[in-house]
Amino acid sequence: MTDLLAIILRNDHSSDGWQHRLAVKLQSMDEADVVKLPYTDPTRQTYRRVMRLAREQTTEQVEEEIRMVMS
């Protein structure tokens with residue numbers, strides 16, 4: 001949950017439909033997207049963990065987890 005919160009806070013979460021866009025983004029990211037982050041950025045591993053979990057779930061399930069974290 002704290003990993004997901006860290007990712008949410010690094011992304012736009014102020015407009016309508018942001019949960020869906022973030023869920024789709026996390027499911028479609030690959031290792032090349034993570035490698036673009038600076039090596040010293042601690043969120044590299046956070047993104048890897050969240051991406052792995054997001055790929056194992058449906059978009060709706062990821063959106064629901066995002067809502068739970070934000071509530």
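Before reading further, recall that the structure is shown in the block above.
Residues numbered from 1 in each chain as written. Predicted model: local features only at pLDDT ≥ 70, side-chain atom pairs only at ≥ 80, totals over all residues. Heavy atoms only, no water.

Caption draft 1: Summary view of the nonpolar core. Core analysis: the largest hydrophobic core is formed by 17 residues, its most contacted members being L4, I8, L22, L26, Y47 and I66. Where this core is concerned, the elements lending two or more residues are α1 (2-10), α2 (18-28), α4 (43-55) and α5 (59-70). Sequence-distant contacts of L4, that is, excluding residues within four places in its chain, are made with L26, V50, E65, I66 and V69. (Core = buried A, V, L, I, M, F, W, Y, C linked by side-chain atoms within 4.5 Å. Buried < 20%, exposed > 50% of the residue type's maximum accessible area, 1.4 Å probe, protein only. Helix = DSSP H or I, 4+ residues; strand = E, 2+ residues; numbered from the N terminus. Contact = heavy atoms within 4.5 Å.)

Caption draft 2: Examining the pattern of salt bridges more closely. Considering all chains together, one arrives at 6 salt bridges under this definition. Two residues, R49 and D3, come together in a salt bridge whose shortest N-O distance is 2.7 Å. Residue R49 is found in helix α4, and its partner D3 is found in helix α1; the two are separated by 46 residues along the sequence. For R49, a relative accessible area of 35% puts it in the partly exposed group. You can call D3 partly exposed: its relative accessible area is 23%. A salt bridge links D41 to R10; the nearest nitrogen and oxygen atoms lie 3.5 Å apart. Here D41, found in the loop between α3 (31-35) and α4, pairs with R10, found in helix α1; they are 31 residues apart in sequence, far enough to count as distant. Overall, the relative accessible area of 14% leaves D41 in the buried class. (Salt bridge = Lys/Arg side-chain N within 4 Å of Asp/Glu carboxyl O.)

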